Amino acid sequence: MGGGSSNKAQREAQRAEEERLRQIQNTQRRIESAFTTPQREQDIQSFLDATRQYYRSDADRQQQDAARGLRFAVARSGQAGGSFDADTNARLAETYKRGIIEADRRAQAAASNLRAQDQQSKQQLFALAQSGLDSGTAQAQAMQALRQNLEQGRATANENSLGDLFGSFGEVYKNSVAQDEARKAQLYTYNTLFQKPQYGGVKGGF
Amino acid sequence: MGAVAPAIPYIAAALGTAATIYNTNRTAKKQDAALAQGIAQKAATQRKADQKIAAAVEQLGVSSPAAERQQTMAAFQDALRGTEQQAAAGQTLGGLSKAYDEATQAGSSRANQYVQGVAKALSAIDAAGLQRQREGFGTADLSTNLRILGREQEGQDFLSRLKAQSIRRNPWIDAFAGAAKAYGSGAGGNVDWGNLGSFGGV
């Protein structure tokens, strides 16, 4: 008949708990390893390089357009070779280099966002591994992380993402064109064949 | 026989007690076995969950944005295909001079190179986000699967508890034990303690 109570359930529960804890530790190590592979870090670096290159090409194109416009504006205003020419081009160079720094800053911020997102995904998986079958709260957190992932998937870089770096130089160009039109209007005030040009410009074209 | 007869009520009482103890232990063992079976079954379900988690983690370990990059790049190339004529719509003057034609061609070539560079950069940028989107889908699927397993396990737990609670004492053994103890206590009171035969006086 035997004395004492059977403890089969207790032994089974202890064995199951030990196995569960061992499995959780094993899974945590594997999750940590999955998010720290050299390939993942290389992918993030490629993303950083691509983002940096994209922003920088935008800055380069804007600088080229602004430099060309400034060159014609200074020449049209008769300021070529003067202090205005020198100062304005120095300011152009400053603006361009600041744009390059901004491009790099944004690229690094984007890469940091990726790393932060990876951390969040890792923590989410840790929570799922720990909760196991009792994953109600972990599931709600997974849904929230998925919404954030979907927002991350939107294209965050666009053609105008650096903004108009050289907007003020566009005003220089426009003013030079306006001044040129004003000079033409004064030159042809009487609109006769015998009207002597007053400002020394060549009739008929610029 | 005369010496044994007075001991029969005590033997009966002892048998009744032993039967009660036996029935109690037997019932406890059955309930314990039922609980142990439920715990073992839950452990098996937990192993299934662990396998799903391990599969998801393994997928993460080899996750790469290469497929997304190829897809986005292919989509960009499809979008650009056939736009050469429209892109060159402003360059309608030809044959003005050799220098002008060469400059026009060089400009067109530069434009193509620039667009390819932009497409390559954007496909890499978008691929990283799409990769994490895909991984998010995988984690969401995993959590849903775990929740389904959890709900199945809740049902199994309920059934295990019901099974353990439904295990009852054997009524026949209890009846026998009760009768034996009743006989023992009743008959034991009628023993002539002064005449126990070979047992002598008490």
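The model shown is predicted, which means the values in this text are computed figures rather than measured ones.

The rules behind these values
Residues numbered from 1 in each chain as written. Chains lettered and ligands numbered in written order. Predicted model: local features only at pLDDT ≥ 70, side-chain atom pairs only at ≥ 80, totals over all residues. Heavy atoms only, no water. Helix = DSSP H or I, 4+ residues; strand = E, 2+ residues; numbered from the N terminus. Buried < 20%, exposed > 50% of the residue type's maximum accessible area, 1.4 Å probe, protein only. Areas by Shrake-Rupley, 256 points an atom, 1.4 Å probe, with all protein chains shown as cover. Contact = heavy atoms within 4.5 Å. Buried area = accessible area lost by both parts, 1.4 Å probe. Salt bridge = Lys/Arg side-chain N within 4 Å of Asp/Glu carboxyl O. Polar contact = N/O pair within 3.5 Å; in protein donor to acceptor, adjacent residues only side chain to side chain. Patch = residues over 30% accessible without salt bridge, like charges linked within 9 Å, V, L, I, M, F, W, Y side chains within 5 Å. Core = buried A, V, L, I, M, F, W, Y, C linked by side-chain atoms within 4.5 Å. Phe/Tyr/Trp six-rings, centres within 6.5 Å; stacked < 30°, edge-to-face > 60°. Lys NZ or Arg CZ within 6 Å of the ring centre and 35° of its normal. Axes fitted to C-alpha atoms, helices over the stretch in contact; angles between N-to-C directions. Parallel < 35°, antiparallel > 145°, perpendicular 65-115°, else oblique. Left-handed = near helix turned anticlockwise from the far one by under 90°. Nonpolar A, V, L, I, M, F, W, Y, C, P; charged D, E, K, R; others polar. pLDDT = per-residue confidence, 0-100.

1. Focus: the overall build of chain A
Thinking step 1. Counting its regular elements, chain A contains five helices and zero strands.
Thinking step 2. Counting helices and strands in the order they occur from the N terminus, chain A gives α-α-α-α-α.
Thinking step 3. Here chain A, with 206 residues, has 33% of them falling under the buried criterion.
Thinking step 4. When the accessible surface of chain A is summed, it comes to about 12,700 Å², and 49% of that surface belongs to carbon and sulfur atoms.

2. Considerations on the interface of chain B and chain A
Thinking step 1. Taken together, the contacts link 51 residues of chain B with 53 residues of chain A.
Thinking step 2. The contact between chain B and chain A buries some 4,400 Å² in all, and 65% of this surface belongs to carbon and sulfur atoms.
Thinking step 3. Its largest share of buried area at the contact with chain A, chain B owes to Tyr114, Ile125 and Arg132 of chain B, together 15% of the area lost on that side.
Thinking step 4. At the boundary of chain B with chain A, the tally comes to three salt bridges.
Thinking step 5. Residues glutamate 135 of chain B and arginine 40 of chain A are paired through a salt bridge, measuring 2.4 Å at the closest nitrogen-oxygen approach.
Thinking step 6. There are six residue pairs in polar contact (both at pLDDT 80 or more) connecting chain B and chain A.
Thinking step 7. Of all the secondary structure elements, the ones that give two or more residues to the side of chain B that touches chain A are helix H1 (8–61) and helix H4 (98–166) of chain B.

3. So, a nonpolar patch on the surface
Thinking step 1. A contiguous nonpolar surface patch, about 260 Å² in accessible area, is contributed by Val4, Ile8 and Tyr183 of chain B.
Thinking step 2. As for its placement among the helices and strands, tyrosine 183 of chain B is situated in helix H5 (residues 171–188).

4. Structural notes on the pattern of salt bridges
Any two side chains of opposite charge can pair, so long as their charged atoms come close to each other.
Thinking step 1. Applying the stated criterion to the full structure yields 20 salt bridges over all chains.
Thinking step 2. Note that glutamate 32 of chain A and lysine 122 of chain A form a salt bridge whose closest N and O atoms lie 3.1 Å from each other. Of this pair, glutamate 32 of chain A sits in helix H1 (residues 8–34) while lysine 122 of chain A sits in helix H3 (residues 83–131), and the two are 90 residues apart along the sequence.
Thinking step 3. With relative accessibility at 6%, the residue lysine 122 of chain A sits in the buried group.
Thinking step 4. For arginine 115 of chain A, the salt bridge is made with glutamate 41 of chain A, and the minimal N-O distance between the two is 2.7 Å. Highlighted residues: arginine 115 of chain A in helix H3 and glutamate 41 of chain A in helix H2 (residues 38–76), separated in sequence by 74 residues.
Thinking step 5. Residue classification places glutamate 41 of chain A among the partly exposed positions, given a relative accessible area of 38%.
Thinking step 6. Here the residues in one salt-bridge network are Arg40 and Asp118 of chain A together with Arg132 and Glu135 of chain B, joined through shared partners.

5. Considering the nonpolar core
It is characteristic of soluble globular proteins that their nonpolar side chains tend to be buried jointly.
Thinking step 1. Counting residues in hydrophobic clusters, the biggest one holds 29 residues, and the most contacted among them are Phe47, Tyr54, Leu92, Leu162 and Phe166 of chain A together with Ile125 of chain B.
Thinking step 2. Of all elements in the fold, only H2 and H3 of chain A together with H4 of chain B reach the threshold of two or more residues within this core.
Thinking step 3. For this core, the element with the most residues is H2 of chain A, which contributes eleven residues.
Thinking step 4. Ranked by size, the runner-up nonpolar core spans 16 residues in total, among them Ala34 and Ala129 of chain A together with Leu60 and Leu146 of chain B.

6. Some remarks on the packing of aromatic side chains
Thinking step 1. Counted under the stated rule, the structure contains one aromatic pair over all chains.
Thinking step 2. The interplanar angle of 55° and the centroid separation of 6.0 Å between the aromatic rings of tyrosine 54 of chain A and tyrosine 55 of chain A together place this pair among those described as tilted. Per residue, the accessibility class of tyrosine 54 of chain A equals that of tyrosine 55 of chain A, and both read buried.
Thinking step 3. Against the face of tyrosine 114 of chain B rests arginine 61 of chain A, its NZ or CZ located 3.9 Å from the ring centre.

7. A short note on the packing of helix H2 (residues 66–80) of chain B against H4 of chain B
Residues and elements named next belong to chain B.
Thinking step 1. The N-to-C vectors of H2 and H4 enclose an angle of 140°; their axes lie 7 Å apart at closest approach. For the element pair H2 / H4, the angle class is oblique. Regarding H2 and H4, the two cross each other, and that crossing is right-handed. In this structure, H2 uses Glu68, Arg69, Thr72, Met73, Phe76, Gln77 and Leu80 to contact H4, whose residues at the interface are Val115, Gln116, Ala119, Lys120, Leu122, Ser123, Ala124, Asp126, Ala127, Leu130, Gln131 and Arg134.
Thinking step 2. Of the residues that constitute the contact of H2 with H4, the class distribution is nine nonpolar, five polar and five charged.

8. A few points about the environment of valine 177 of chain A
Residues and elements named next belong to chain A.
Thinking step 1. Residue position: valine 177 is located in helix H5 (residues 167–187).
Thinking step 2. The exposure class of valine 177 is partly exposed, given its relative accessible area of 29%.
Thinking step 3. Separated by 101 residues in sequence, valine 177 and arginine 76 place their C-alpha atoms 7.7 Å apart.

9. A word on the confidence of the model for chain B
Residues and elements named next belong to chain B.
Thinking step 1. In the predicted model, chain B carries a mean pLDDT of 87, and 92% of its residues have values of at least 70.
Thinking step 2. When the criterion is pLDDT under 50, residues 196–202 qualifies, and its contacts beyond four places in sequence or with other chains add up to nine contacts.
Thinking step 3. Across the interfaces of the predicted complex, the ipTM metric reaches 0.72, alongside a pTM of 0.74.

10. Digging into the packing of H2 of chain A against H3 of chain A
Residue and element names in this part refer to chain A.
Thinking step 1. At a minimum axis separation of 9 Å, H2 and H3 run at an interaxial angle of 160°. One way to sum up the angle between H2 and H3 is to call them roughly antiparallel. At the point where H2 passes H3, the crossing takes the right-handed sense.
Thinking step 2. Residue composition of the contact of H2 with H3, by class: 18 nonpolar, five polar and ten charged.

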